[in-house]
Amino acid sequence: MKILGIETSCDETAAAVVEDGTRILSNQIASQVEIHARYGGIVPEVASRQHLLSVIPVIERTITEAGVSWKDLSGIAVTVGPGLAGSLLVGVNVAKAIALSRGLPLIGVNHLEAHIYANWLGENSIDFPVVCLIVSGGHSDLVLMKGHGDYLVLGRTRDDAAGEAFDKAARILDLGYPGGPAIEKASRQGTASIPLPRAWLKGSHDFSFSGVKTALLRLVEAGKVSSVADAAASFQAAVIEVLVTKTVAVARERRVKKVLLSGGVASNGLLREQLIKHSPLTVMVPPPILCTDNAAMIAACGYYRLRAGRIDGLGLDVAPSLKLA
Ligand code: KG4
Ligand code: ZN
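Note that the coordinates shown come from a computational prediction; the quantities given were computed from them, not determined experimentally.

A. Quick look at the overall build of the protein chain. For the protein chain, the helix and strand inventory stands at 11 helices and 10 strands. The C-alpha atoms of the protein chain give a radius of gyration of 20 Å, which matches the 20 Å a tight globule of 325 residues would have. Among the 325 residues that make up the protein chain, the fraction classed as buried is 54%. Sequence-distant contacts, at least 24 apart, represent 74% of the contacts inside the protein chain between residues at least 6 apart. Total accessible area computed for the protein chain in this model is approximately 13400 Å², and 52% of it derives from carbon and sulfur atoms. Side chains of the protein chain give 32 positive and 30 negative charges; the mean places of these two sets differ by 4 Å.

Next comes the structure, spelled out in structure tokens:
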């Protein structure tokens, strides 16, 4: 079964065709990063206008590159949330129009769930249960996945998400936007020599990253940071130590088969390396291009929803604050 996936929840206009939830036939991403970089962050109104300009050409390119025709497709999967309302609307309305005109099933997909499904791309089967760490610009969730579409959220962030913390730290250190890759790059020139706090929130699997961000800000304001590279490396080490320690603790506690890492922050080399090093179980993590926002993961997730008969009508609406469970 071939599914067309469409993703417009944030600042990437993306489309992909994926076969049987695993084999990518085409994966196109039109990034708006350079446009938003001028403003130091995402401007929602600019994002939705840009999606409007890009979405049709990106879908057409995807279909051509995949070498399929509309009649080869079994469904249209589209992100309904969480994300920016105006941006989500663009993808959902285009998906509805295609589903109606081509007589194809419409499948609304949760963006967070799709980040987990990036792990199925290129893999045929993963035995359940698994523990998933989803770390993106808006979320840091530790999730027990008991089966397809079956989630128990064990921990989530109480304030800033991991990616958001990276973006704010980069702003504090004047490293530009997006912050995650900028912090990682600067860190390579430094050492994690500056002591920064870790919020362990004992007895809970939740995360909190606003304290470490504020501690960094105070040091910069007090003129106590002589090396931006050391500050970046220290910040990165602090955030990653907490993510890894808490994920490993959950993996030990629960009788799971594997640990799945995903979301934009999962493209961070140190996080990948440290989790693999400390996890008692096999860690699966998609290649970096499938960790950040893409539509292949939407199509993969859509395939499993379609298989379970979970399709939507043309009344499908966006859900900007959608939760995983
Ligand atoms: O999953 P994603 O592409 O979009 C959302 O769903 O939010 O995640 C974007 C987030 C941004 O906050 C970005 O700074 C962060 O992922 N990120 C990284 C890296 N690459 C992207 N954080 C740390 N290290 C990276 N290499
Ligand atoms: Zn995302």
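The rest of the description comes next.
B. Structural context of the domain arrangement of the protein chain. Looking at the protein chain, the domain boundaries give domain 1 (2-118 + 290-307) and domain 2 (127-285). The interface of domain 1 with domain 2 comprises 16 residues on the first partner and 20 residues on the second. For the pair domain 1 and domain 2, the summed buried area comes to about 1400 Å², and 71% of that belongs to carbon and sulfur atoms. By the criterion of area lost to domain 2, the three top residues of domain 1 are L112, I116 and C291, representing 42% of everything that side buries. Our count for the domain 1 to domain 2 interface comes out at 0 salt bridges.

C. Representation of the sheet that holds strand β9 (residues 258-262) within the structure. Taken in spatial order, the 5 strands of this open sheet run β8-β7-β6-β9-β10, and their pairing is mixed. Two strands bound the open sheet, and with one partner strand each, they are β8 (150-156) and β10 (283-284). In the packing of helix α8 (residues 228-253) onto the sheet, contacts are made with β6 (130-135), β7 (140-147), β8 and β9, and the angle to β6 comes to roughly 160°.

D. Molecular detail of the sheet that holds strand β5 (residues 106-110). The strand order β3-β2-β1-β4-β5 describes an open sheet built from 5 strands, whose pairing is mixed. Lying at the two open borders of the sheet, with one neighbouring strand each, are β3 (23-31) and β5. Averaged over neighbouring strand pairs, the angle between their axes works out to 20° when direction is ignored. For strand β4 (residues 73-81) and β5, the ladder comprises 5 bridges, and the chain directions are parallel. Residue pairing across strands places I76 opposite L106, the latter belonging to β5. In the packing of helix α2 (residues 44-66) onto the sheet, contacts are made with β1 (2-7), β2 (12-19), β3 and β4, and the angle to β2 comes to roughly 25°.

Thresholds applied
- Residues numbered from 1 in each chain as written.
- Chains lettered and ligands numbered in written order.
- Predicted model: local features only at pLDDT ≥ 70, side-chain atom pairs only at ≥ 80, totals over all residues.
- Heavy atoms only, no water.
- Helix = DSSP H or I, 4+ residues; strand = E, 2+ residues; numbered from the N terminus.
- Rg over C-alpha atoms; globule rule 2.2 N^0.38 Å.
- Buried < 20%, exposed > 50% of the residue type's maximum accessible area, 1.4 Å probe, protein only.
- Contact = heavy atoms within 4.5 Å.
- Areas by Shrake-Rupley, 256 points an atom, 1.4 Å probe, with all protein chains shown as cover.
- Lys, Arg positive; Asp, Glu negative; His and termini not counted.
- Charge placed at Lys NZ, Arg CZ, Asp CG, Glu CD.
- Domains from an automatic or database assignment.
- Buried area = accessible area lost by both parts, 1.4 Å probe.
- Salt bridge = Lys/Arg side-chain N within 4 Å of Asp/Glu carboxyl O.
- Pairing = 2+ DSSP bridges.
- Axes fitted to C-alpha atoms, helices over the stretch in contact; angles between N-to-C directions.

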